[in-house]
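Each chain is listed here by its residues.
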Amino acid sequence: MNMKDYLDVVYDKEKKPLSSYPEKLISHLFNVCKMRKGQSLLEPGTGMGEHLRIFKELGLKVTGLDISPKAKTNSPDLHIDILNAENVEHWPYPDNSFDIVYSKSFIEHLSQPEKYFAEAYRVLKPEGLLLTLTPDWESQFKKFYDDPTHIRPFTIVSLRDIQAMSGFKNINVKKIRQLPLTWKYPIINAVCFLLAIFVPLRSNKKILRWSRELMLLSTSKK
């Protein structure tokens, strides 16, 4: 049976049109994590390539890794390697290769996320940064499996502990909303908390849906 590519279904442009959100998120992370031009970054689960491209525009040396050949087709201007990261013993990079390993909405798709963290640790340089975003199970459990490729949910505790088991240090995991205003004005989170009670579970309006859905944002060091 032939199945449609994941990127064609989940990131269909009619369902998920391009927006300014990726630029706002990456710019925020770039500043908060004190990234510097010239640093090397690997993004497993590159997807449509928006995040990787913005990191490149900010002056980072970027490499992508994805299971879908469409990732490379959609972003011919980026260096993206195509392989199933779970079906190989090692990613195709030497030890201590990257300053940063970044992923968003990726590790929840893995059946063996411990392999991901082990490889991320291996390819990071000493004191390198692991930056991870994944859905918060506690706030999204009712719709987590709306995406049929979601496999492993995470909580603050499990995301912290799997990194500690992999050797990472200085681990910080917190919940965030995907609303840029809440990053600048944290007090708005209180308004969102109250608003979330009245927001339909599967609202099509991002500003409403993201008022109730939380992400986990984790930073750690090798």
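Here goes a summary of the coordinates provided. All values derive from a computational prediction rather than experimental measurement.

### Some points on the overall build of the protein
- On a plain count of helices and strands, the protein comes out with ten helices and seven strands.
- Computed over its C-alpha atoms, the radius of gyration of the protein comes to 17 Å, within 12% of the 17 Å expected for a compact globule of 222 residues.
- Seen through its C-alpha atoms, the protein measures out along the principal axes to roughly 50 × 45 × 30 Å.
- A burial count over the protein gives 47% of its 222 residues as buried.
- For the protein, the proportion of contacts with a sequence separation of at least 24, taken over those separated by at least 6, is 68%.
- Entry remark: accessible area of the protein is about 12,000 Å², with carbon and sulfur atoms responsible for 57%.
- Both charge centroids of the protein, one from 33 positive and one from 25 negative side chains, sit 6 Å from each other.

### Some words on the sheet that holds strand β6 (residues 169–176)
- Here seven strands make up an open sheet; going across it, the order is β3-β2-β1-β4-β5-β7-β6 and the pairing mixed. With one partner strand each, in any of the chains shown, β3 (80–82) and β6 form the two edges of the open sheet. Direction aside, the axes of adjacent strands within the sheet are offset by 15 degrees on average.
- One ladder, built from six bridges, connects strand β4 (residues 98–104) with strand β5 (residues 124–135); its direction is parallel. Residue pairing for β5: S103 is matched across the bridge by T132.
- Packing of helix α2 (residues 21–32) onto the sheet brings it into contact with β4, β5 and β7 (215–221), and relative to β4 it is tilted by some 140 degrees.
- Across the face of the sheet, helix α7 (residues 156–165) comes into contact with β5, β6 and β7 while running at roughly 160 degrees to β6.

### Some thoughts on α7
- Those residues of α7 that fall on the buried side of the exposure criterion are L159, I162 and Q163. Considered in projection along α7, the buried side chains sweep an arc of 100 degrees and stay on one side of the axis.
- In the core, the buried residues of α7 are packed alongside α5 (113–123), β5, β6 and β7.
- Directly after α7, the chain includes G167, whose backbone phi takes a positive value near 105 degrees.

### Observations regarding the environment of T155
- As for its placement among the helices and strands, T155 is situated in the loop between α6 (137–140) and α7.
- Distance from T155 to M215, taken between C-alpha atoms, is 9.7 Å for residues 60 residues apart in sequence.
- In this view, T155 contacts W137 and L216; residues no more than four positions away in its chain are not counted.

### Concerning the side chain of T132
- Mapped onto the elements of the fold, T132 is located in strand β5.
- On the basis of relative accessible area, T132 is assigned to the buried category, the value being 0%.
- Excluding its chain neighbours within four sequence positions, the residues that come into contact with T132 are S103, I107, F117, L216, L217 and S218.

What counts and what doesn't
- Residues numbered from 1 in each chain as written.
- Predicted model: local features only at pLDDT ≥ 70, side-chain atom pairs only at ≥ 80, totals over all residues.
- Heavy atoms only, no water.
- Helix = DSSP H or I, 4+ residues; strand = E, 2+ residues; numbered from the N terminus.
- Rg over C-alpha atoms; globule rule 2.2 N^0.38 Å.
- Buried < 20%, exposed > 50% of the residue type's maximum accessible area, 1.4 Å probe, protein only.
- Contact = heavy atoms within 4.5 Å.
- Areas by Shrake-Rupley, 256 points an atom, 1.4 Å probe, with all protein chains shown as cover.
- Lys, Arg positive; Asp, Glu negative; His and termini not counted.
- Charge placed at Lys NZ, Arg CZ, Asp CG, Glu CD.
- Pairing = 2+ DSSP bridges.
- Axes fitted to C-alpha atoms, helices over the stretch in contact; angles between N-to-C directions.
- Arc of directions from axis to C-beta.

On their own, these measurements won't tell you what the molecule is for.
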